[in-house]
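# Secondary and tertiary structure notes
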Amino acid sequence: MSARTRELAILVLVGLITMTGFASVYIARQNEISAGSLSYAGFFFALYLVAHFVGRLTVPDADPYLLPMAALLTGVGLTEIYRLNPTDALRQGLWVVIGVAGFSATLIALRHDFRRLESYKYLFGLSALALLFLPALPKIGRSINGARLWVHVGSLQFQPGELGKIAMIVFLAAYLHSKQEVLALGRLKDFGPLLAIWGCAMLVLVATHDLGSALLFFGIFLAILYLATSRLLYVGVGMTLFLVGAAGVYETTAHVRSRVTIWLHPWTTQPVPCPTRGGLLMQRQECESFQLVKSLYSIAQGGFSGTGLGKGTFTLTNGKLLIPDLNTDFIFSALAQELGLVGVAALLLVLMFFVVRGFNIALSVDDGFSKLAAAGLTFGFALQTFIIIGGILRLIPLTGITLPFISYGGSSVVANFILLAGLLLVSQRANEAR
Amino acid sequence: MVAASMSVDAVLLALKIAFLFLLYVFIWRIVRAAAREMRAPQDSFVLAPLAERHEKRAPRPGMLVVVSSPDLEEGQRVELAHEAVTIGRGPLNDLQLDQDDFASGKHALIDPRRDGVWVEDLGSTNGTFINGVRLSSSRRLAPGDVLRIGETDFRYER
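Every value quoted in this text rests on a predicted model; they were computed, and no experiment measured them. Residue indices follow the written sequence of each chain, beginning from 1 at its first position. To label them, take the chains in the order written and letter them from A, then take the ligands in the order written and number them from 1. Note on the predicted model: pLDDT of at least 70 is required for a residue's local features to be given, and 80 or more for side-chain atom pairs to be given and counted; whole-chain, interface and lining totals, by contrast, use all residues. By convention in this description, side-chain values take in all heavy atoms of the structure and omit both hydrogens and water.

### Focus: the overall build of chain B
Note the threshold: Working definition: helices are DSSP H or I runs of at least four residues, strands are E runs of at least two. Numbering for both runs from the N terminus. A 1.4 Å probe rolled over the protein chains alone gives each residue an accessible area, and that area as a share of the maximum for its type sets the label: buried under 20%, exposed over 50%, partly exposed in between. The contact criterion used is simple: two residues touch if any of their non-hydrogen atoms lie within 4.5 Å. Note on areas: Shrake-Rupley with a 1.4 Å probe; residue coverage comes only from the protein chains shown.
When its secondary structure is counted, chain B shows 1 helix and 11 strands. Across chain B, helices and strands are ordered from the amino to the carboxyl terminus as α-β-β-β-β-β-β-β-β-β-β-β. Here chain B holds 158 residues, and 45% of them are scored as buried. When contacts within chain B are restricted to residue pairs at least 6 apart in sequence, long-range pairs at least 24 apart make up 42% of them. Roughly 8600 Å² of accessible area belongs to chain B as shown, and the carbon and sulfur atoms make up 56% of that amount.

### Concerning the overall build of chain A
Check the secondary structure of chain A and you find 14 helices and 5 strands. About 17700 Å² of surface is accessible on chain A, with carbon and sulfur atoms providing 67% of the total.

### With respect to the sheet that holds strand β4 (residues 95-96) of chain B
Residue and element names in this part refer to chain B. What counts here: Between any two strands, at least two bridges found by DSSP are needed for them to pair.
Pairing is mixed across the open sheet formed by 5 strands, whose spatial order is β4-β3-β5-β6-β9. Each edge of the open sheet is held by one strand with a lone partner, namely β4 and β9 (139-140). Bridge analysis of strand β5 (residues 108-113) against strand β6 (residues 116-121) gives 6 bridges, and the strand direction is antiparallel. Note that in β6 the partner of Arg113 across the bridge is Gly116.

### A closer look at the sheet that holds strand β8 (residues 133-134) of chain B
Residues and elements named next belong to chain B. The strand order across the open sheet formed by 6 strands is β2-β1-β11-β10-β7-β8, and the pairing between neighbours is antiparallel. Edge positions in the sheet fall to β2 (77-79) and β8, since each has one partner strand and no second. Two elements, strand β7 (residues 128-130) and β8, share 2 bridges in a ladder whose sense is antiparallel. The residue bridging Ile130 from the neighbouring strand is Val133, located in β8.

### Some details on the interface of chain B and chain A
The line we're drawing: When two components associate, each loses some accessible surface as probed by a 1.4 Å sphere; the sum of these losses over both components is called the buried area. Salt bridge criterion: a side-chain nitrogen from Lys or Arg within 4 Å of a carboxyl oxygen from Asp or Glu. Here a polar contact is taken to be a pair of N or O atoms separated by no more than 3.5 Å, where protein atoms must pair a possible hydrogen donor with a possible acceptor and residues adjacent in sequence count only if both atoms sit in side chains. Nonpolar residues are Ala, Val, Leu, Ile, Met, Phe, Trp, Tyr, Cys and Pro. Charged residues are Asp, Glu, Lys and Arg, and all others, Gly as well, are polar.
Facing 37 residues of chain B, the contacting portion of chain A comprises 58 residues. Roughly 4100 Å² of surface becomes buried between chain B and chain A when both sides are summed, with 72% attributable to carbon and sulfur atoms. For the pair chain B and chain A, the number of links is 0 salt bridges. The interface formed by chain B and chain A contains 4 residue pairs in polar contact (both at pLDDT 80 or more). Taken together, the residues that form the side of chain B that touches chain A break down as 23 nonpolar, 4 polar and 10 charged.

### Notes on the packing of aromatic side chains
Residues and elements named next belong to chain A. To keep it simple, the criterion reads: Stacked, edge-to-face and tilted are the three classes for Phe, Tyr and Trp ring pairs, Trp counted by its six-membered ring, which pair at centre distances within 6.5 Å; planes under 30 degrees apart are stacked, over 60 edge-to-face, the rest tilted.
This model, assessed by the stated rule, comprises 13 aromatic pairs over all chains. Ring centres 6.4 Å apart and planes at 50 degrees place the aromatic pair Tyr122 and Phe171 in the tilted group. Here Tyr122 is found in helix α5 (residues 121-133), whereas its partner Phe171 is found in helix α6 (residues 161-185), with 49 residues between them in sequence. Residue Tyr122 is classed as partly exposed on the basis of its relative accessible area, which comes to 36%. By relative accessible area, Phe171 is classed as buried at 0%.

### Quick look at the pattern of salt bridges
If charged atoms from side chains of opposite charge come close, those side chains can pair. Residues and elements named next belong to chain A. The final tally for this structure, using the stated rule, is 9 salt bridges over all chains. Note that Arg91 and Asp88 form a salt bridge whose closest N and O atoms lie 4.0 Å from each other. Of this pair, Arg91 and Asp88 both sit in helix α4 (residues 86-109), 3 residues apart, which is roughly one turn of the helix. Judged by its relative accessible area of 43%, Arg91 falls in the partly exposed class. A residue is classified by how much of its surface remains accessible, and Asp88, at 12% relative accessible area, is buried. Ionic contacts of the salt-bridge type, sharing partners, join the residues Asp113, Arg115, Asp367 and Arg429 into one network.

### So, helix α12 (residues 331-364) of chain A
Threshold: To estimate the expected span of a helix, subtract one from its residue number and multiply by 1.5 Å. By definition, a residue's bend is the angle between the axes fitted to the seven residues ending there and the seven starting there.
The end-to-end C-alpha distance of α12(A), which contains 34 residues, comes to just 34 Å, noticeably less than the 50 Å that a straight helix rising 1.5 Å per residue would cover. Of all the bends in α12(A), the greatest measures close to 120 degrees and is centred on A:Gly340.

### Looking at helix α7 (residues 192-207) of chain A
All names here are of chain A. Threshold: Note: the arc covers the axis-to-C-beta directions of the helix.
The terminal C-alpha atoms of α7 lie 22 Å apart, and with 16 residues this matches the ideal 22 Å at 1.5 Å per residue to within 8%. Within the sequence span of α7, burial applies to Leu194, Ile197, Trp198, Ala201, Met202, Val204 and Leu205. With its buried residues spanning 165 degrees around the axis, α7 presents them on a single face. Among the exposed residues of α7, those oriented more than 90 degrees off its buried face are Leu203 and Ala207. Taken from the residues just after α7, His209 is the one with a positive phi, measuring 60 degrees.

### Details of the side chain of A:Ser213
Residue and element names in this part refer to chain A. Within the fold, Ser213 resides in helix α8 (residues 211-229). Here Ser213 falls in the buried class, since its relative accessible area comes to 13%. Those residues in contact with Ser213, other than ones at most four positions away along the chain, are Leu205 and Ile401.

### Details of a nonpolar patch on the surface
Going by this rule: Here a patch means residues that are over 30% exposed by relative accessible area and free of salt bridges, tied together within 9 Å if like-charged and within 5 Å if nonpolar (Val, Leu, Ile, Met, Phe, Trp, Tyr).
Side chains of A:Leu233, A:Val237 and A:Leu241 sit close together on the surface and give an oily, nonpolar patch of about 280 Å² of accessible area. Relative to the helices and strands, A:Leu241 resides in helix α9 (residues 232-252).

What follows is the structure in structure tokens.
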């Protein structure tokens, strides 16, 4: 059986899973048994069939499991978003269509040799910066929840930093590949362009209060630097700088101090007056940690096998959402309630296998740029997943960032589909050489 | 009405179990595929140039010991330095095997890097073998590996 045929077989399974999940949500919502969900599953399956056929034409020998895993994660995410807010789900569905279009465009444009990207490395570095800087511009930028990350064009809302991440990884992979020999020597002047672009990125991120992304960019930078030079010293220096920087930010920024307090002491004993989003003061047991505490209760409520999709409790009796940002940053705790430990463990396994297969691709390809790009993209995916799920489970302080493929958020979905296309291109190269 | 809501609950329970079950069927398929694809020792994806060629503390790359050869003397040691070494029948190679009729003009490249000594076939006619397996891409040598070029066998030692 060829790789693509195997992919098709497993996509059918994903279609079945999505259909079951959506049927469950639909029936729980309508409280009557109906087959109305079938058309949704059909649409979803057709969309992935398109992605599959583009893959068949452009990357026939690439890894057959990455696309189905991405399809499963988007399917589960979309189902949960529909369950929380059908209007959002419609918009997210549209973004998935755009994502698949971006995926196909990337595959078609780069099907002959994606390594020519290597010669445009500075273009990628500068566009990463431009994308990160876009939300800070006065006319189109918009800040939500204290972080200025969004760009508005008409009614369209976009978070360009997600695409900036991919451009940055391509830049780092290309630059480090061409300079790896001299960089390993450790002369400062060879680091010039690298530190300039990366330093600007960090400045922009810190200035826009996007700490989650700052952490992500920092981690990706260190990982690719280590992969290119194999010098643990750089990782050590990087970690030290990180600790110093984190301590500095902690001292100077109230926002960060409160994140750490919320992380270490989410439960308070006395109700305190607490400003809510509507501008009202309410007596609440937990104030700033309200969101995190409610999310922990939501996870606990799920227990071993969950309430079942569509039957979880996310709203107060007056219909207000119990947890703010439930379908973006906190979608994991919504899923944990409805799918239980068994279900989210399965999702974590899928995320993990996505990472394992990504690293496998990096292992099996034989040229440096492809290796660094594949490993960098995969590492970024893994670290992003860790930062948000670790934050929700109170393993590390919470910083808002999307859960790849699952969270509500157009830019995140589109960026992750392009990332997926990149991994498939590298995989194709590795497998056709064999 | 009660009966109807009972059956809705039953369907929801069935869907919940089916969903979780199918999720694990999916994972099982992927794990099975991963197990099937487990190959012989994986290479490293750390790109590791041996950039500190002139540093004293750079690790010594090791040597190749001739096991059998129509050309070189048995037991002869080829110490590897930090520079890459080409092996082949032609006169321009760093290590020349001019009596070995099965070796190609430019046969293989031995490249000591920071993460070990790598062997690459340079498009030879008869192939380069490590422990009897023909190389398809570059591979890292482990101590004790037998490298076959033409009719010459080398053992890699630290």
